[in-house]
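Here is what each chain is made of, one letter per residue.
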Amino acid sequence: MGVPSGGPGVEPDTTAHVITHRDAPGRPAGDAEPRDYRAAFAAARLPMALLGPGGEVLAANRALGVLLRTSPDRMAAAGAAALLGLAGDPHAGAAFHEVLSGRRSRLRCTRRVTRTDGSGVRAEITLARTGAEPLLLTVEDVGERDALREELRHLRMHDAVTRLPNRALFLERLTGAVERAGVRGTGRIGLCYLDLDGFKAVNDTLGHRVGDELLAAVAHRLQDCARPGGHLAARLGGDEFALLLRDSTGTGQATALAEAVLGALREPFDVGGQRLAVSASIGVVEREAAGSTATQLMQAADTTLYWAKTDGKARWTLFDPERNEHRMTRQALARTLRQAVDRGEFVLDYQPLVALDTGRLRGVEALVRWEHPQFGRLAPDRFIGLAEEDGSIVPLGRWVLAESCRQARAWQQAHPDRPLVVSVNVAVRQVWDSDLVADVAAILRETGLPSRLLQLELTESAVMGSAGRPLQALHALHEMGVRIAIDDFGTGYSNLAYMSRLPVSALKLDGSFVQGFQSAEHPNPADETIVEALVELAHRLGLTVTAECVESAEQAERLRRIGCDTGQGWHWSRPVAAAAISDLLSA
């Protein structure tokens, strides 16, 4: 029997004979095929051995001897199971004997094998049946392969600029922390998601090299903040970073970490010969891990970071479930708003416009409500802004206009001696994105409502400075006989000289002026003087004036004395259904 030559790392002599302890059963000694097989067996770089039915080593190549740093005699004496330490591993040892006995065809496992000199090697062991017998054993050193794989994983999971864990590794650690949080520890988890304020200006003016140096310097300070608490700092991309608090002790710990980060970043950075200052906006999320996922936590952190930026930057903001619920509700409304018009989910209420001198009903303002199947009845301030953003204000406004005119025509037919003007709010986008003049003409024609009984309300800021299409539309509507009113007058330009050149019929004074009339005992002289001047000027221009938000008899009386024509507010009625207006007309 030959003895393996060389030590660790020495290539086996490929011209040497196979290390053999007995001829393999069933093979004639002089057969050419076995000789060729054994030559290849001996020359192979992969450590291999042939095993008998009891696990004894029948033959082994030099590569196996070099790997295990042992001699053929010792391999034969020890047997493969002992040689590879399988006897001490119940699971692997049982599988090994199952292959020997024929109850399974193959074993493959990776384990640490102790060499005869006491050193260890991580090896992938494979035992397979090639026929009746012998069995083929291969033992491959995978230590270098695993080390290279780990190095590649490290490079793949870490940011090249800052050396911090990247987004992929952070999400992996976050997922693991969430899953383990319910098993041990505090059961809570915290997250600080931050974005640098003003970093883009650095990149744009000083270049990406300086920008990268600044990011690396920021990363160093973040690690200094995270390290004492054992927290994980990561760069998620661009100028976004995150800190993970495993086993958080509460919101106080998370917000204290955020405050420490803000403090650390306040000190200027000396980068590329420049003294640079940056700040950060931080979204802080801290909660029980149960019932949460990594995705949900990141979404909450992203939302909170957005709040921090919109609240003024250079600050941390703590996740607020109520604020988030409002945001989620807003998103849900935005998704279903356009379809809600088609589904007929909107209804109209009407608020009376009352003549201040006689107390008689002169008109009503149509106010739209959304009967949402999930959120119940919603006031206009919950959805009109969304409708203007996504353009659904056009079909919604057309429906409001048509339904208001239909109802006003019904009142006119039922009470021909009580002419009632219906006032409908019109958004600027309705003027730009639709043919408002054509819509109004068609609706008046279809409903039979006289144009003099329709008043369209536009905000002061929308009308002032009107030119082109909006101005043409206003003149066309005026020539049609439709009244034009300026809503919330006094909150914008308040340019009555300009107003005189527009086809306007009425002004609606903003409710903020009326608030100064709340108490006859303690009047606000300035408010009363302003309102009196506005009313006088409006009347000289041939405009009528309506006071909004009238809540008491004292307010109504003082407005009457000043000369306001009509009033609107809870003093007379809240917005009510059409049937209630019918009752008022019948009274």
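Everything discussed here concerns the structure shown above.
Keep in mind the model is a prediction, meaning the values are calculated, not measured. (Residues numbered from 1 in each chain as written. Predicted model: local features only at pLDDT ≥ 70, side-chain atom pairs only at ≥ 80, totals over all residues. Heavy atoms only, no water.)

A. Highlighting the nonpolar core. Counting 70 residues, the largest nonpolar core has Phe346, Tyr350, Val422, Val440, Leu454, Leu456 and Leu559 as the members making the most contacts within it. Take this core: its biggest share by element is 8 residues, from helix 14 (residues 393-414). Ranked by size, the runner-up nonpolar core spans 31 residues in total, among them Leu196, Leu222, Leu243 and Val261. (Core = buried A, V, L, I, M, F, W, Y, C linked by side-chain atoms within 4.5 Å. Buried < 20%, exposed > 50% of the residue type's maximum accessible area, 1.4 Å probe, protein only. Helix = DSSP H or I, 4+ residues; strand = E, 2+ residues; numbered from the N terminus.)

B. Structural detail: the sheet that holds strand 13 (residues 316-318). In spatial order, the strands read 8-9-7-12-13; together these 5 strands make up an open sheet with mixed pairing. Two strands bound the open sheet, and with one partner strand each, they are strand 8 (232-237) and strand 13. Neighbour-to-neighbour, the strand axes of this sheet turn through a mean angle of 20°, independent of strand direction. One ladder, built from 3 bridges, connects strand 12 (residues 279-288) with strand 13; its direction is parallel. Bridged to Ile282 within strand 13 is Trp316. Helix-sheet contacts for helix 9 (residues 208-226) involve strand 7 (188-197), strand 8 and strand 9 (240-246), and the interaxial angle to strand 9 is about 15°. (Pairing = 2+ DSSP bridges. Axes fitted to C-alpha atoms, helices over the stretch in contact; angles between N-to-C directions. Contact = heavy atoms within 4.5 Å.)

C. Region of interest: the packing of aromatic side chains. Using the criterion set out here, one finds 5 aromatic pairs in the structure. Ring centres of Phe346 and Phe383 lie 5.5 Å apart, and the angle between their planes is 55°; this geometry places the pair in the tilted category. Placement of Phe346 in strand 14 (residues 346-355) and of Phe383 in the loop between strand 16 (376-378) and helix 13 (384-390) is noted, with a sequence separation of 37 residues between them. Look at Phe346 and you get buried, because its relative accessible area is 5%. (Phe/Tyr/Trp six-rings, centres within 6.5 Å; stacked < 30°, edge-to-face > 60°.)

D. Layout of the environment of Cys109. Relative to the assigned elements, Cys109 resides in strand 4 (residues 106-114). Given the relative accessible area of 15%, Cys109 is considered buried. For Cys109, the residues in contact, after removing those within four places along its chain, are Ala123, Glu124 and Ile125.

E. Structural view of the pattern of salt bridges. If you walk through the whole model with that rule in mind, you get 29 salt bridges. Arg266 serves as the salt-bridge partner of Glu259, at 3.5 Å between the closest nitrogen and oxygen. Classification of Glu259 by relative accessible area gives partly exposed; the value is 38%. Look at the salt bridges and you will find they share partners, linking Asp349, Arg369, Glu371 and Arg377 into a network. (Salt bridge = Lys/Arg side-chain N within 4 Å of Asp/Glu carboxyl O.)

F. Molecular detail of the packing of helix 9 against helix 10 (residues 251-266). Relative orientation of the contacting elements helix 9 and helix 10 amounts to 140°, with a least axis distance of 10 Å. What the angle tells us is that helix 9 and helix 10 run oblique. The hand of the helix 9/helix 10 crossing is right-handed. From helix 9, Val218, Arg221, Leu222 and Cys225 reach across to helix 10, where they touch Leu257, Ala260, Val261, Ala264 and Leu265. Looking at the contact of helix 9 with helix 10 residue by residue, the class counts come to 8 nonpolar, no polar and 1 charged. (Parallel < 35°, antiparallel > 145°, perpendicular 65-115°, else oblique. Left-handed = near helix turned anticlockwise from the far one by under 90°. Nonpolar A, V, L, I, M, F, W, Y, C, P; charged D, E, K, R; others polar.)

G. Main features of the packing of helix 8 (residues 199-206) against helix 9. The geometry of helix 8 relative to helix 9 is characterised by a closest axis approach of 7 Å and an angle of 145° between their N-to-C directions. Residue-level inspection shows Phe199, Val202, Asn203 and Leu206 of helix 8 in contact with helix 9, the latter providing His208, Val210, Gly211, Leu214 and Leu215. When the residues that make up the contact of helix 8 with helix 9 are grouped by side-chain class, the tally is 6 nonpolar, 3 polar and no charged.

H. The arrangement of the environment of Arg173 in detail. Its place among the elements puts Arg173 in helix 7 (residues 167-181). Distance from Arg173 to Leu244, taken between C-alpha atoms, is 8.6 Å for residues 71 residues apart in sequence. Apart from the residues within four sequence positions on either side, Arg173 is in contact with Leu232, Leu244 and Arg246.

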